[in-house]
Amino acid sequence: MEAIRTVEDASLELEADRRALARDPGSLRFAQYADNLRRCGRLIDAAAVCERGLGRHPTYASGHVVMGEIHRDAGRLDQAEAEWLEALRLDPGHPRAHVVLGDVLLRRGERDRAAAAFEAALVYSPGLPEAEAGLFRAIGADPKPAKPRPQQAQGRPPGDRPGWLSDDRLDELVARVLDCACVESAALVAGDGAVLAGRPPGRGGELASLLADARKLLFRLGAGRLRAAVVGLADGAGVSCIPLGEMALIAGFRPGSSLDEAAGQIENALAGGGDDDPDSR
Amino acid sequence: MTQTAASPRPAPRRSPLEEPLEALLAIAGVIGAVVATDEGLSIAARAGDDLDEDGLAAAAAVLGRLGRRAAAASGRGEPPMVILDASRLSFIVRPVPLGFLMAVSEPGARMDPIVEGMAALAAVLPSIAGRERPGSIRASA
């Protein structure tokens, strides 16, 4: 989502870009200048600046992303897609290239390809709002929507932090999860493995780091967003890692627990935090 | 051999493990199953047209190794099972003497029957692998 800019802001930025490029014509600043021209609707000027820049820097992925956006704004969607695919060939981890490509694919009704593009953006830039929004638009109209799991509370998109879970309520969430009959230990850990609340089973930080590998694997398989990773253990117990935005909930199950019951109880605990707080709805 | 170019190609030889994999596909929500080596090579697979069997075999090995790391991090040894539950597909993997057994299910499928079915299959896989004509087995539900 583009920030709101005044005409005055835009003029100042354009002038600064123009001067910078005049001082150093070989600068990569051409992409920013072209993008600002595009945002002002000066598509012909934007295309000229971008073409000149790409002539000097043909392997600059961001330049191809901007060129694609210029084509898109001019209604040349095939050329736009070609530029973005070139950007991704040069830099497969360019989140903006994935997002703009996903937007156009979605516009064409190619929902599966669009979802894959947004998911790729999220792999390289977890939590990117445009990618999150695009993914849910792509998946939301899926002709085969997921069937609800028994007892599972609805409303939380997979992998997202529950809306009610503010930073001052982390201990409360852990307590709610520990109240589940199937759960014997629980903790919230940050992406770097630091324990934010509770006590994880085993080395919780390492378990959390495995989520990143799991997400990448799911992306490669086209399987969608990770809801949970569960490791069943030899003694009949288990450990569940549930991504919650930038955090992860790690819960240890009691031996012999039903996986379906445990998943349902934990989802209810995650959803239930807003019950006594109408403002959070 | 007198086979001519115009003769129909002989049907590919099915692995004796493919028939028992059908038992997993009979469980509600299961849309694919594969037995793969530790290196991710497919030994036997049953999957719909939407699923790439070689890709699934490779994924089974990666997931199985991921599970081993997770089990080590949990401090409790070899995992009997790893589940990745995602918005479009879920993957359930367990180590077997041949490598890994993996089931693929639709989102929202109940996990307990699948896990039980895989345990039943894992218990008999080694003997089936050694037989030329496998008998039918039924997964417990």
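Conventions adopted
- Residues numbered from 1 in each chain as written.
- Chains lettered and ligands numbered in written order.
- Predicted model: local features only at pLDDT ≥ 70, side-chain atom pairs only at ≥ 80, totals over all residues.
- Heavy atoms only, no water.
- Helix = DSSP H or I, 4+ residues; strand = E, 2+ residues; numbered from the N terminus.
- Buried < 20%, exposed > 50% of the residue type's maximum accessible area, 1.4 Å probe, protein only.
- Contact = heavy atoms within 4.5 Å.
- Areas by Shrake-Rupley, 256 points an atom, 1.4 Å probe, with all protein chains shown as cover.
- Buried area = accessible area lost by both parts, 1.4 Å probe.
- Salt bridge = Lys/Arg side-chain N within 4 Å of Asp/Glu carboxyl O.
- Core = buried A, V, L, I, M, F, W, Y, C linked by side-chain atoms within 4.5 Å.
- Pairing = 2+ DSSP bridges.
- pLDDT = per-residue confidence, 0-100.
- Axes fitted to C-alpha atoms, helices over the stretch in contact; angles between N-to-C directions.
- 1 Å grid on protein atoms, 1.4 Å probe; cavity = no way out; pocket = protein on both sides within 12 Å on 5 of 7 lines; lining within 4 Å.
- Points joined across faces, edges and corners; volume = space filled by probe spheres on them.
- Nonpolar A, V, L, I, M, F, W, Y, C, P; charged D, E, K, R; others polar.

### Concerning the overall build of chain A
Looking only at helices and strands, chain A features 11 helices and 5 strands. Going through the 281 residues of chain A one by one, you find that 48% of them count as buried. Expressed as a percentage of contacts within chain A between residues at least 6 apart in sequence, the contacts between residues at least 24 apart total 53%. For chain A, the exposed area adds up to about 13400 Å²; of that, 52% sits on carbon and sulfur atoms.

### Re the overall build of chain B
If you tally the helices and strands in chain B, you get 3 helices and 5 strands. Reading chain B from its N end, one meets helices and strands in the order α-β-β-α-β-β-β-α. A buried classification covers 51% of the 141 residues belonging to chain B. Contacts in chain B between residues at least 24 apart in sequence constitute 50% of all its contacts with a sequence separation of at least 6. As displayed, chain B offers around 6700 Å² of accessible surface, 53% of which is attributable to carbon and sulfur atoms.

### Considering the interface of chain B and chain A
Taken together, the 35 residues of chain B in the interface contact 40 residues of chain A. Summed over both sides, the interface between chain B and chain A buries roughly 3200 Å², with carbon and sulfur atoms accounting for 57% of that surface. Counting across the chain B and chain A interface gives 3 salt bridges. Put simply, B:R88 and A:E119 hold a salt bridge, and the shortest N to O gap is 3.3 Å.

### Some remarks on the nonpolar core
Buried together is how nonpolar side chains tend to be arranged in soluble globular proteins. The biggest cluster of nonpolar side chains holds 48 residues, and the ones touching the most others in it are A:V177, A:I266, B:L24, B:I92 and B:L101. Of the residues forming this core, the biggest block, 8 residues, is contributed by helix 3 (residues 111–129) of chain B. Leaving out residues up to four positions away in the same chain, A:I266 has contacts with A:V177, A:C180, A:V183, A:I242, A:L249, A:A251 and A:F253. Counting residues in each nonpolar core, the second largest holds 37 residues, with A:A248, B:L51, B:A61 and B:L84 among its members.

### Brief notes about the pairing of strand 3 (residues 226–232) of chain A
Residues and elements named next belong to chain A. Of all 7 residues in strand 3, 7 are buried; the element is thus mostly enclosed. Bridging between strand 3 and strand 4 (residues 238–244) involves 4 bridges; their strand directions are antiparallel. Looking at the pairing, V231 lines up with V239 of strand 4.

### Some remarks on the confidence of the model for chain B
Residue and element names in this part refer to chain B. With 76% of its residues at a pLDDT of 70 or more, chain B has an overall mean of 77. In the predicted structure, residues 1–7 sits below a pLDDT of 50 and forms 2 contacts with residues beyond four places in sequence or in another chain. Throughout residues 132–141 the model reports pLDDT below 50, and contacts reaching past four residues in sequence, or to other chains, amount to 22 contacts. Both confidence scores are given for the complex: pTM 0.59, ipTM 0.76.

### Side note on the environment of A:I250
By the secondary structure assignment, A:I250 is in strand 5 (residues 247–253). The spatial distance from the C-alpha of A:I250 to the C-alpha of A:R199 is 8.9 Å, given a sequence separation of 51 residues.

### Observations regarding the pattern of salt bridges
Residues and elements named next belong to chain A. Within this structure, the stated rule accounts for 24 salt bridges over all chains. As a salt-bridge pair, R18 and E15 come within 2.7 Å of each other at their nearest N and O atoms. On the criterion of helical spacing, the pair formed by R18 and E15 is a turn pair, its members being 3 residues apart in helix 1 (residues 7–23). Among the salt bridges present, the one from D103 reaches R137, with a minimum N-O distance of 3.0 Å.

### Notes on the pairing of strand 1 (residues 183–190) of chain A
Residue and element names in this part refer to chain A. The buried fraction of strand 1 is high, at 7 of 8 residues. Bridge count for strand 1 against strand 5 is 7 bridges, and the pairing is antiparallel. Considered in strand 5, the bridge of A187 is made with I250. Bridge analysis of strand 1 against strand 2 (residues 195–199) gives 4 bridges, and the strand direction is antiparallel. Along strand 2, the bridge assignment pairs A186 with R199.

### Observations regarding the environment of B:L21
Residues and elements named next belong to chain B. Note that L21 resides in helix 1 (residues 18–25). Of the residues examined, L21 reaches a relative accessible area of 0% and is grouped as buried. Along the backbone, L21 and A44 are 23 residues apart, and their C-alpha atoms lie at a distance of 8.2 Å. Not counting residues within four places of it along the chain, the set of residues in contact with L21 comprises A33, V34, V35, A44, A45, R46, L101 and L121.

### Quick word on the sheet that holds strand 2 of chain A
Within a sheet, adjacent strands bond to each other through the backbone by hydrogen bonds, running parallel or antiparallel. Read from one edge to the other, the open sheet built from 10 strands follows the order 2(A)-1(A)-5(A)-4(A)-3(A)-3(B)-4(B)-5(B)-1(B)-2(B), with strand pairing classed as antiparallel. Two strands lie at the open edges of the sheet, namely strand 2 of chain A together with strand 2 (42–47) of chain B, each paired on one side alone. Averaged over neighbouring strand pairs, the angle between their axes works out to 15 degrees when direction is ignored. Sheet strands touched by helix 9 (residues 170–178) of chain A: strand 1, strand 2, strand 4 and strand 5 of chain A. Its angle to strand 1 of chain A, the strand with the most contacts, is close to 155 degrees. Strands strand 1 (30–36), strand 2 and strand 5 (99–105) of chain B of the sheet are contacted by helix 1 of chain B, whose axis makes an angle of about 145 degrees with strand 1 of chain B.

### What about empty space enclosed by the protein?
Using the criterion set out here, one finds 1 cavity of 30 Å³ or more in the structure. Looking at the largest cavity, it is lined by 12 residues, and the ones nearest its centre are A:L210, A:A229, A:V231, B:L66 and B:A70. Elements represented by at least two residues in the lining of the largest cavity include exactly helix 10 (204–221) and strand 3 of chain A together with helix 2 (53–74) and strand 3 (81–86) of chain B. Counting residues per element, the lining of the largest cavity draws most heavily on helix 10 of chain A, which supplies 4 residues. Residues that form the lining of the largest cavity fall into these classes: 11 nonpolar, 1 polar and no charged.

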